[in-house]
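Understanding the architecture of this molecule
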Protein chains: 2
Amino acid sequence: MSSIPREEIKNRLALLQKLMIKEGFEAACLVQTTDVYYFAGTGQDCHLYIPAEGKPLLLVYRDFERACQETPLTDVLPFPGLSSLPQILQERGYPLPKYLGMELDILPAAVLPRYQKLFPGSIIKDITPLILNLRRVKSSWELGRLRRAADLHARVFELVGDYIRPGRTELEIAAEFEAHARRLGHTALIRFRGLEPGMPLGLVMAGPSGSVPSCYPLPLTGYGLSPAFPAGPSCREIKEGEPVLIDYAGCYGDYIVDQTRLFSIGNLPPILQKAQEVALAIAAEVAAAARPGTTCGELYDLAYRLAKRAGLEENFMGWRMPAKFIGHGVGLELNEKPVLARGSEEVLAADMVFALEPKFTFPGLGAVGVEETYVVQDDGAVALTH
Amino acid sequence: MSSIPREEIKNRLALLQKLMIKEGFEAACLVQTTDVYYFAGTGQDCHLYIPAEGKPLLLVYRDFERACQETPLTDVLPFPGLSSLPQILQERGYPLPKYLGMELDILPAAVLPRYQKLFPGSIIKDITPLILNLRRVKSSWELGRLRRAADLHARVFELVGDYIRPGRTELEIAAEFEAHARRLGHTALIRFRGLEPGMPLGLVMAGPSGSVPSCYPLPLTGYGLSPAFPAGPSCREIKEGEPVLIDYAGCYGDYIVDQTRLFSIGNLPPILQKAQEVALAIAAEVAAAARPGTTCGELYDLAYRLAKRAGLEENFMGWRMPAKFIGHGVGLELNEKPVLARGSEEVLAADMVFALEPKFTFPGLGAVGVEETYVVQDDGAVALTH
């Protein structure tokens, strides 16, 4: 798989630099793999130094040759270690910045002082909000990558009907699903920003597993395998007539789509059938309303109103502590912006991409719902997944 | 799977409190899932407040009922949110600490100021080194969990011979391996401390994949699937007569073992056969020497001397930037202490657990080596994996 095209990188950097000037950052020093990949096209261990004006400098700790092959950037140097940073910048003629941006949302508190010591005259501010705002809007190249992920992911969901059977466990279904995805190039790893690496790879929730309260700020995540891993598939066997929700993010090398499908062997209880119809209606109405200029909070309110009109507001988006959002941005990470959250004034723009996941939980019975990944277009959001 | 026994939790807390008094911490406020699980037995979203003397307080954000079912602790309260922390502590009679310990190695720099604001009179210091030192030494209950993981993991490795074939890709082998492990209860998620969540789930490296320089501080990690995921299995097809290294951590619900096995279809080139014999000899000699009182640096030196005696020091532990360690602690996380690193003065004690992984790389040809997980006993380290 090739890296990010040169034009793409150029555009991204130009947009970031424009935002940096507007927000008063004189330089940025990026360290997170995903951000460095986004702006430099390589996932090697690098620091990416971006002045608000002028050319960025890619400093590669390891592996230098691999990074050189992958990045379209031209100023690439080996990076012997953190302490060499000020000297390298000085030698290359970069003035030390008054306001330096770093990713303070992911940089550990114990590590920040090391950078502060290297830039004693600088005020280090969090540059992540700028980056995340930029990453919301996908280019046509990115949309192509997302469509490719959606196509591959659809092939995995298509076969679930072949191996879902009463008596098989959630874990066995997960094993089949993941193996199929893996053979198609799934990374077996989904990147979340800022959350500690404890999120399950995907969810298979049969019957009551769908309604167990989650330890994550998500609508439903299942029982998991143990108190140490309390989310994701469990060893519970699937029964006839109960809902089986399968919720997996699909990452086939770079960009992520998120998708949920409801399965059942035999008919579901009428209340669950009704709730599933409402979930599908909510998805359709919210997608149609998701035009440039709409706020995320309006979309949440629309979904909630529809749930309430169906008398299902108590079952909406999880149990005991329901999620306060109905959708989330996806891209290189699963928890990107925009977040379709209650009260959010975030405004949608064309080519933003989000997963929309109206879901209903029924304590003891389980959960139903749907999730697709959409791109915002002028006349509403269009599904990328299928 | 049940949670951690009450006695176990009690002993761990008593040991931590003893260390806290010695190091001048008046209280600790733990937030990381793994640490909270270690000291409270639940993986729910909690803060664990531990005074240097007296009873700890488990504050549960979500889910309260699940946490109550899992933890053997008795002082458990719902936690409405961060801002309520000082008031809750005051109401329960905890004095505000002068020196407060937090996990500054994983707490983001942007988040620390929020805690500092809640504890304006406190000096917040990094308590992680105390926790990691404590977690090095495993109890007999923990060794039982590790043996269980080792038994399950052995069953997965046993079957590799059935599906490894020329023409199959590394990714296909990974898919089979992971599916088998998953059906046995593998979590499909390996926790690393402090590293951003970008590490591959496991490694399958055929021929040259074994000798590609890594972007991680590890001896070998393969090509991976793309520049965004540049480690782990690739789509390269396995050929006859080349080494295929399979390196997977086994986590079947809680504790992790780490293991590497070398496979080949047909004979390996003589230099690789010789190197594999040297790797096995190094593993045996280092394990025999890993007695309580030995330093980690001595063990690294022993391994290096044996590699050098065989004329293989240029091939030892990776290419271009070889790893500077030959083993690492394992437990709830894959990168625990002790680290068997060059120059380390860390002293081994009985019941410490580490993975030992002497490996050799041959640019263009691939890599060979072995890895087992051991426990330190009075007369040397004994393998848990088999």
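See the structure printed just above.
Residues numbered from 1 in each chain as written. Chains lettered and ligands numbered in written order. Predicted model: local features only at pLDDT ≥ 70, side-chain atom pairs only at ≥ 80, totals over all residues. Heavy atoms only, no water.

A closer look at the relation of the copies chain A and chain B
Laying chain A over chain B is done by rotating through 180° and shifting 0.0 Å along the axis; what remains is an RMSD of 0.0 Å. Here the symmetry operator amounts to a two-fold rotation axis. Mapped onto chain B, 99% of the interface residues of chain A again fall at the interface, so both copies present the same surface. (Least-squares fit on C-alpha atoms with pLDDT ≥ 70 in both. Contact = heavy atoms within 4.5 Å.)

Focus on the pattern of salt bridges
Taken as a whole and assessed by the stated rule, the structure comprises 46 salt bridges over all chains. The shortest N-O distance in the salt bridge between Glu336(B) and Lys138(B) comes to 2.9 Å. Of this pair, Glu336(B) sits in strand S11 (residues 336-341) while Lys138(B) sits in the loop between helix H6 (128-136) and helix H7 (140-158), and the two are 198 residues apart along the sequence. By the burial criterion, Glu336(B) is buried, and Lys138(B) matches it. Look at the salt bridges and you will find they share partners, linking Asp35(A), Asp105(A), Arg135(A), Lys138(A), Arg193(A), Glu333(A) and Glu336(A) into a network. (Salt bridge = Lys/Arg side-chain N within 4 Å of Asp/Glu carboxyl O. Helix = DSSP H or I, 4+ residues; strand = E, 2+ residues; numbered from the N terminus. Buried < 20%, exposed > 50% of the residue type's maximum accessible area, 1.4 Å probe, protein only.)

Examining the sheet that holds strand S16 (residues 380-383) of chain A
Residue and element names in this part refer to chain A. Sheet architecture is open: five strands sit in the order S11-S10-S12-S15-S16, paired in antiparallel fashion. Only two strands of the sheet have a single neighbouring strand rather than two, namely strand S11 (336-341) and S16. Across the sheet, the mean angle from the axis of one strand to that of its neighbour is 30°, orientation sign disregarded. Across four bridges, the pairing between strand S12 (residues 353-356) and strand S15 (residues 372-377) is antiparallel. Note on S15: the bridge partner recorded for Leu356 is Glu372. Sitting on the sheet, helix H6 (residues 128-136) is in contact with S11 and S12, with an inclination near 80° to S11. (Pairing = 2+ DSSP bridges. Axes fitted to C-alpha atoms, helices over the stretch in contact; angles between N-to-C directions.)

Structural notes on the pairing of strand S3 (residues 57-62) of chain B
Residues and elements named next belong to chain B. Counting buried residues along S3, five of its six residues qualify, which places the element largely inside the surrounding structure. Summarising the sheet, strand S2 (residues 45-51) and S3 pair through five bridges and their orientation is antiparallel. In the strand pairing of S3, Tyr49 is matched with Leu57. Two successive antiparallel strands, S2 and S3, enclose a turn made up of five residues, where Gly54 displays a positive phi of approximately 105°. Pairing geometry for S3 and strand S4 (residues 76-78), over three bridges, is parallel. Across the sheet, the residue bridging to Leu58 is Val76, located in S4. Each parallel crossover has a hand, and for S3 linked through helix H3 (residues 64-70) to S4 it is right-handed. (Right-handed = clockwise from strand over helix to strand, strands pointing away.)

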